[in-house]
Amino acid sequence: MTGTPTSSAEAEAGAPARAGLVLTTVALVQFLVSVDLSIVNIALPRIGDHLGFSPVGLTWVINAYALTFGGLLLLGGKAADRYGRRRVLLCGLGLFGLASLAGGLAQSPAALVAARAVQGAGAAALAPAALSLLTSTFPAGRARVRAFGVWSAVNASGGAFGVVAGGLLTEYAGWRWVMFVNVPLVAAALALAGRSVARDHVAARSTRTGRPDVLGACLATAGTSLLVLAVVRTDQHPWSSATTVSTLAAAVALLAAFVVVERTTSREPVLRLGLLTHRSVAGANAFNLLLGAVMGSGFYFVVLYLQRVLGTGPALTGVMSLPFAVGVVVGSVLAVKLGYRVAPRTLLVSGGLLTAVGYSGYALISADGSYAVDVLVPLVVSSIGYGLCLAPVVSVATAGVAARETGTASALLNSSRQIGASLGLAVLGTVAYQRTGPVATPAALTDGYALGLTLDAALLLAAVVIAVTVLRRPTAAPSTPTDRSQGPGQSIEDLDLEGSPL
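Residues numbered from 1 in each chain as written. Predicted model: local features only at pLDDT ≥ 70, side-chain atom pairs only at ≥ 80, totals over all residues. Heavy atoms only, no water.

Section: the overall build of the protein chain
Right, so step 1: Helices and strands together make up the secondary structure of the protein chain, namely 20 helices and zero strands.
Right, so step 2: Put simply, the protein chain has 502 residues, and 55% of those count as buried.
Right, so step 3: Within the protein chain, residue pairs in contact and separated by at least 24 positions form 85% of the contacts whose partners lie at least 6 positions apart.
Right, so step 4: On the protein chain, roughly 19,400 Å² of surface is accessible, and the fraction owed to carbon and sulfur atoms is 68%. (Helix = DSSP H or I, 4+ residues; strand = E, 2+ residues; numbered from the N terminus. Buried < 20%, exposed > 50% of the residue type's maximum accessible area, 1.4 Å probe, protein only. Contact = heavy atoms within 4.5 Å. Areas by Shrake-Rupley, 256 points an atom, 1.4 Å probe, with all protein chains shown as cover.)

Regarding the confidence of the model for the protein chain
Caution applies to low-pLDDT regions: their predicted coordinates should not be interpreted in detail.
Right, so step 1: Counting all residues, the mean pLDDT for the protein chain is 79, and 83% of those residues have values of 70 or more.
Right, so step 2: Across residues 201-209, where pLDDT falls below 50, the model places 20 contacts with residues more than four positions away in sequence or in other chains.
Right, so step 3: In this model, residues 474-502 is a region of pLDDT below 50 whose contacts with residues beyond four sequence positions or in other chains number 72 contacts. (pLDDT = per-residue confidence, 0-100.)

A few points about the layout of surface pockets
Right, so step 1: One number sums up the size of the second largest pocket: a volume of about 430 Å³.
Right, so step 2: Forming the boundary of the second largest pocket are 18 residues, of which Leu-74, Thr-224, Leu-255, Leu-412 and Ile-419 lie nearest the centre.
Right, so step 3: Secondary-structure elements contributing two or more residues to the lining of the second largest pocket are helix H11 (214-232), helix H12 (242-264), helix H13 (279-309) and helix H18 (406-436).
Right, so step 4: A per-element tally of the lining of the second largest pocket places H18 first, with five residues. (1 Å grid on protein atoms, 1.4 Å probe; cavity = no way out; pocket = protein on both sides within 12 Å on 5 of 7 lines; lining within 4 Å. Points joined across faces, edges and corners; volume = space filled by probe spheres on them.)

Quick notes on helix H17 (residues 371-398)
Right, so step 1: Helix length check: H17 (28 residues) gives 39 Å between terminal C-alpha atoms against 40 Å at 1.5 Å per residue, within 8%.
Right, so step 2: Burial within H17 is extensive, with 21 of its 28 residues counted as buried. (Expected span 1.5 Å × (residues − 1).)

Quick notes on the packing of aromatic side chains
Right, so step 1: With the rule as written, the count across this model stands at six aromatic pairs.
Right, so step 2: Seen in terms of ring centroids, Phe-301 and Tyr-449 are 6.2 Å apart; in terms of plane orientation they differ by 35°. Their pairing is tilted. Note that Phe-301 is positioned in helix H13 and Tyr-449 in helix H19 (residues 442-469), a separation of 148 residues in sequence.
Right, so step 3: By relative accessible area, Phe-301 is classed as buried at 1%.
Right, so step 4: Overall, the relative accessible area of 4% leaves Tyr-449 in the buried class.
Right, so step 5: Here the aromatic residues Phe-299, Phe-324 and Tyr-386 are joined through ring pairs into a cluster of three or more. (Phe/Tyr/Trp six-rings, centres within 6.5 Å; stacked < 30°, edge-to-face > 60°.)

Looking at the nonpolar core
Right, so step 1: Judged by nonpolar contacts, the single largest core of 85 residues is most densely connected at Phe-69, Leu-89, Leu-93, Leu-134, Phe-287, Tyr-359 and Tyr-449.
Right, so step 2: It is H13 that contributes the most residues to this core, 14 residues altogether.
Right, so step 3: Those residues in contact with Tyr-449 that sit more than four places away from it in its chain are Phe-301, Leu-304, Tyr-305, Arg-308, Val-309, Ile-365 and Ala-432.
Right, so step 4: In terms of nonpolar packing, the next biggest core, distinct from the first, is built from 16 residues, Ala-43, Leu-44, Ala-106 and Val-178 among them. (Core = buried A, V, L, I, M, F, W, Y, C linked by side-chain atoms within 4.5 Å.)

Quick notes on H13
Right, so step 1: Here H13 is 31 residues long and its end C-alpha atoms lie 44 Å apart, about the 45 Å a rise of 1.5 Å per residue gives.
Right, so step 2: Where burial is concerned, most of H13 is hidden: 23 out of the 31 residues are buried.

Quick look at the packing of helix H15 (residues 322-339) against H17
Right, so step 1: Between H15 and H17, whose axes approach to 6 Å, the crossing angle comes to 35°. Note that H15 runs across H17; the crossing there is right-handed. The residues of H17 that touch H15, namely those facing Pro-323, Phe-324, Gly-327, Val-328, Val-330, Gly-331, Ser-332, Leu-334 and Ala-335, are Tyr-371, Leu-376, Leu-379, Val-380, Ser-383, Ile-384, Tyr-386, Gly-387, Leu-388 and Leu-390.
Right, so step 2: When its residues are assigned to classes, the contact of H15 with H17 shows 14 nonpolar, five polar and no charged. (Axes fitted to C-alpha atoms, helices over the stretch in contact; angles between N-to-C directions. Left-handed = near helix turned anticlockwise from the far one by under 90°. Nonpolar A, V, L, I, M, F, W, Y, C, P; charged D, E, K, R; others polar.)

Examining the environment of Ser-395
Right, so step 1: Relative to the helices and strands, Ser-395 resides in helix H17.
Right, so step 2: In this structure Ser-395 comes out as buried when scored by relative accessible area, which is 2%.
Right, so step 3: For the pair Ser-395 and Pro-344, spaced 51 residues apart in the sequence, the C-alpha separation amounts to 8.3 Å.

Comments concerning a nonpolar patch on the surface
Right, so step 1: On the surface, Leu-168, Tyr-172, Leu-316, Val-319 and Leu-322 cluster together to form a nonpolar patch covering roughly 470 Å² of accessible area.
Right, so step 2: Those elements giving two or more residues to the nonpolar patch turn out to be helix H7 (141-172) and helix H14 (314-320).
Right, so step 3: Mapped onto the elements of the fold, Leu-316 is located in helix H14. (Patch = residues over 30% accessible without salt bridge, like charges linked within 9 Å, V, L, I, M, F, W, Y side chains within 5 Å. Salt bridge = Lys/Arg side-chain N within 4 Å of Asp/Glu carboxyl O.)

Some remarks on the side chain of Glu-262
Right, so step 1: Relative to the assigned elements, Glu-262 resides in helix H12.
Right, so step 2: Discounting residues that sit within four places of it in the chain, Glu-262 has contacts with Asp-213, Gly-216, Pro-269, Val-270, Leu-271 and Leu-273.

Some thoughts on the environment of Gly-216
Right, so step 1: If you trace the backbone, Gly-216 turns up in helix H11.
Right, so step 2: Using a relative accessible area of 0% as the deciding quantity, one classes Gly-216 as buried.
Right, so step 3: A sequence separation of 41 residues divides Gly-216 from Ala-257, and the C-alpha atoms of the two residues are 8.3 Å apart.
Right, so step 4: Not counting chain neighbours up to four residues away, the residues in contact with Gly-216 comprise Phe-258, Val-261, Glu-262 and Val-270.

Regarding the packing of H13 against H19
Right, so step 1: For the pair H13 and H19, the least separation of the axes is 9 Å and the interaxial angle reads 165°. Judged by the inter-axis angle, H13 sits roughly antiparallel to H19. As H13 packs across H19, the resulting crossing turns out to be left-handed.
Right, so step 2: Residues that form the contact of H13 with H19 fall into these classes: 22 nonpolar, six polar and three charged. (Parallel < 35°, antiparallel > 145°, perpendicular 65-115°, else oblique.)

Set out below in structure tokens:
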């Protein structure tokens, strides 16, 4: 009897410490995923020379990761919901670490591409599990605002740090270290997760009411992968070619079949389609898709402009990207401070407009320009706007989602950004290439990059329109009987997007 109050008090006192450990774990996992999306890019020329890649084959070092990451995210989110976030997180980390080690030891193009594909599969498991943990650990209030501010800062700064680290490691340690560097990060994340994450979350275990919809998972993965594959190969097969048209048609057919199966299956669906009828979930993912398209293509154009037009080396290009990371942190801190008083929609609109202003500044880049005049100011302005957007879009897309579906909602958000980045890079990269023409002079390259960056600004304006219209008012949406009882905090139907904190 006398021990009960003390034990309860100790548990309450330990809760903030455990929540802090969970936040640290999730931040490290997200940093790992973000770094790996960018760290390999600057090393590509050295990788091609050392392993004997053809110019076309070299693109698969990036595409193999993007395809498996984007295509398997929904399946990873479902696994986190069904089998437990801790279990899926640890398995994903282990797979990612082993694939990184194998990639660093690769002696042939096929071995490296295979390792990158397995890396993407590991990332598809650990990313939604980590974000789901963050959502359930910080369901509402000021702690949630701070947690998503930290997550968003780590998410974007990790991508910028990846460029810096990729340049420095490639130039001074060798390209293999862009793979090996993941191994100690994975070890640290495994140690933290083992201490901070409770075994198999109750929500994941208590809702195993039916067999998983394996057919739906396969259709979603195959359809998404084919869609990304069709777009990333447009540099080899034009949009009007039989190869691209047939691949796109097959992707559409598979995704349509996925919708039919999810509506009619008697098994536990991989994605409850009712989620997509929620205004907040649909609007946040549409915004996120466009934001991903801009970030994926914009950073690519800026890095190429620095190296191919201004003649900057790999290491210095990475260092020049540091202001982007700083700007994102500044924007994320502002989002946290303003998030206590300002509606998420207001932050999304303000951040989208500020990022669009930054990207419109890139329209003035010139072949005889300089980093200080042509790049630095737009880079800083756009990065602050980007930081303002990250936390609100994640919070809106996952707030109030039933506990048993937070992994799926998190995976959907990750997938929309990854697919947006792949589609944006492929489409705008093709447009820029066509503007450049067959003779790649500095002036022609600059024209192509400027056009691509200007179109990025237009996409940001479209994202702002979505935030203003789709996220205008919360609406009641169809829900499963367990949505209200199992969700942490508010349900989506009760979420006030106009005035509530994130």
